[in-house]
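Per-entry structural report
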Amino acid sequence: MSLLLSPYHVKDLQLKNRIVMSPMCMYACEEKDGKVTPWHLTHYGSRAIGQVGLIIQEATAVLPAGRISEEDLGIWEDEQVAGLTQLVQTIHAFGSKAGIQLAHAGRKALVPGTIFAPSAIPYNEQMRVPKAMTQEEIDGTIEAFGMAARRARLAGYDLIEIHGAHGYLINEFLSPLTNHRQDQYGGNIENRYRFLHQVIEAVKEEWDGPLFVRISGHEYHPDGQGMTESIQLAQWMKEDGVDLIDVSSGGVVSYKIHAYPGYQVPFAEGIKREAGIPTGAVGLITQGIQGEEILQNQRADLIFIGRELLRDPYWPRTAALQLHEEISVPKPYERGW
């Protein structure tokens, strides 16, 4: 059997294949309450029917001010757990495992009221100046990640991913481009890692299952974080008990990325080899043979599929056909598949 369609184990969790639905914001909470809607049940349920091994739910805000938009999903209050539980049950009913990405948008939040960041530096001239976080606000946000992990456990998720990429709050603490603090959270890379370290510790107090972190492996700026720093961060995350690094790139500052098939795979490959931690590869991976090459050459351990799963909810079947492999068929679809 191909590696792409073979099982993968992380801690006590077995994935039926190595295809992961990458977290992608749907901006579908029309009531602006962060609660699951019929859209989410249909959207994620369809990909589970399509035989995706692991579905990681879109960036889900740990605080109202941490939403990218007012239409984001949330996990900041207990009233949201019932809908999240129903979503997990839907994914499980069709044979996939359910993950959730815990997130805070930081200075890139587009919600009313005060927005927060490590330093009072706006993303661009069109966006608001964020409030530099006080120690009390930092402590409250770390606690919010821990409480979100507790709610994720109650809802029945199989896996948590912490969002530390794309220029959102955790990434803002990690990057020298956005973190100009003079306290224990700023300056050298050890201090800039402190916030993420404390978030990981808070999550682990409530969660003992598989834990991923998404980072931007490269910031595409001469003064920003590159692979040397990302490898160091990955080594520390491994020591902190993180099971896999989901390696994306960019988003910290405005920059036009030259994207091409597999353009982010070298970042996942470098971190896997140099830091000795499993990685997930993402970014314009559209073909089954492409994912198989990445796995066979040990460039990454899981294949994260984003927009291609928006175009084709049954992409695992498409990939299986390309690889001349068999894949499980949902019984109601036997005549069609």
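Everything here concerns the structure above.
Keep in mind the model is a prediction, meaning the values are calculated, not measured. Position numbers for residues count from 1 along each chain, tracking the sequence in the order it is written. Restriction of local features to residues with pLDDT of at least 70 applies here, the model being predicted, together with a cutoff of 80 or more for giving and counting side-chain atom pairs; totals for whole chains, interfaces and linings are based on all residues. Side-chain calculation: all heavy atoms of the structure are included, whereas hydrogens and water are not.

1. Some thoughts on the nonpolar core
- By convention a nonpolar core is built from buried Ala, Val, Leu, Ile, Met, Phe, Trp, Tyr and Cys residues, the set being connected through side-chain atoms within 4.5 Å. Only protein chains enter the accessibility calculation, which uses a 1.4 Å probe. A residue is then buried if its area is under 20% of the maximum for its type, exposed if over 50%, and partly exposed in between. Formed by 85 residues in total, the largest nonpolar core has its most connected members in Tyr157, Ile160, Ile162 and Met237.
- Membership of the second largest hydrophobic core comes to 13 residues, among which are Leu54, Leu159, Leu302 and Phe304.

2. Examining the environment of Ile289
- In this structure, Ile289 sits in helix α8 (residues 288-296).
- Judged by relative accessible area, which is 54%, Ile289 ranks as exposed.
- Between the C-alpha atoms of Ile289 and Ala320, which are 31 residues apart in sequence, the distance is 9.2 Å.
- Pairs of residues are marked as contacts when any of their non-hydrogen atoms sit within 4.5 Å. Not counting chain neighbours up to four residues away, the residues in contact with Ile289 comprise Gln322 and Leu323. Numbering goes from the N terminus for both helices and strands, where a helix is a DSSP run of H or I of at least four residues and a strand is a run of E of at least two.

3. Brief notes about the environment of Lys204
- With respect to the helices and strands, the residue Lys204 is situated in helix α5 (residues 189-206).
- The spatial distance from the C-alpha of Lys204 to the C-alpha of Met26 is 27 Å, given a sequence separation of 178 residues.

4. Let's talk about helix α6 (residues 227-239)
- Here, expected helix span is obtained from the residue count minus one, scaled by 1.5 Å. Counted at 1.5 Å a residue, the expected span for α6 with its 13 residues is 18 Å, and the 18 Å between its end C-alpha atoms agrees.
- Within α6, burial applies to Met227, Ser230, Ile231, Leu233, Ala234, Trp236 and Met237.
- Where α6 is buried, its residues contact α4 (169-174), α5, β9 (211-216), β10 (244-248) and α7 (265-275).
- Positive backbone phi, at 95 degrees, marks Gly241, one or two positions downstream of α6.

5. Quick notes on the pairing of strand β5 (residues 97-103)
- By the criterion of burial, β5 is predominantly enclosed, with 6 of the 7 residues buried.
- As judged from the 4 bridges shared by β5 and strand β8 (residues 159-164), these two strands associate in the parallel manner. The residue of β8 that forms the bridge with Gly99 is Leu159. Whether two strands pair depends on DSSP finding at least two bridges between them.

6. What to know about the packing of aromatic side chains
- To pair, rings of Phe, Tyr and Trp, with the six-membered ring standing in for Trp, must have centres within 6.5 Å; the planes then decide the type, stacked if under 30 degrees apart, edge-to-face if over 60, and tilted in the middle. Tallied over the entire structure, the rule returns 9 aromatic pairs.
- Taking 6.1 Å as the distance between ring centres and 70 degrees as the angle between the ring planes, the aromatic pair formed by Phe173 and Tyr185 counts as edge-to-face. Linking Phe173 in helix α4 with Tyr185 in the loop between α4 and α5, this pair joins segments that are 12 residues apart in sequence.
- With relative accessibility at 1%, the residue Phe173 sits in the buried group.
- Measuring from ring centre to ring centre gives 6.3 Å for Tyr220 and Phe267, while their planes differ by 65 degrees; the resulting arrangement is edge-to-face. Of the two residues, Tyr220 sits in the loop between β9 and α6 while Phe267 sits in helix α7, which places them 47 residues apart along the sequence. In this structure, Tyr220 and Phe267 share a single accessibility class: buried.
- Taken together, the aromatic side chains of Phe173, Tyr185 and Phe195 make up a single cluster linked through ring pairs.

7. Quick look at the pattern of salt bridges
- Criterion for a salt bridge: a side-chain nitrogen of Lys or Arg within 4 Å of a carboxyl oxygen of Asp or Glu. With the rule as written, the count across this model stands at 14 salt bridges.
- The closest approach of N and O atoms between Asp246 and Arg214, which form a salt bridge, is 2.6 Å. Within this pair, whereas Asp246 is found in strand β10, its partner Arg214 is found in strand β9, the two being separated by 32 residues in sequence.
- What makes Arg214 buried here is its relative accessible area of 4%.
- Through salt bridges with shared partners, a single ionic network connects Glu269, Arg273, Glu293 and Arg299.

8. Quick word on the sheet that holds strand β11 (residues 279-282)
- Strand order around the closed barrel formed by 8 strands is β3-β4-β5-β8-β9-β10-β11-β12, with parallel pairing between neighbours. Here the strands of the sheet are splayed against their neighbours by 25 degrees on average, with no regard to which way each runs.
- As judged from the 5 bridges shared by β9 and β10, these two strands associate in the parallel manner. Looking across to β10, one finds that Ile215 is bridged to Val247.
- Axes here refer to lines fitted to C-alpha atoms; in helices the fit is confined to the stretch in contact. Angles between the N-to-C directions go from 0 to 180 degrees. Across the face of the sheet, helix α1 (residues 38-49) comes into contact with β3 (19-21) and β4 (54-61) while running at roughly 155 degrees to β4.
- The sheet strands contacting α6 are β9 and β10, and the helix crosses β9 at an angle near 165 degrees.

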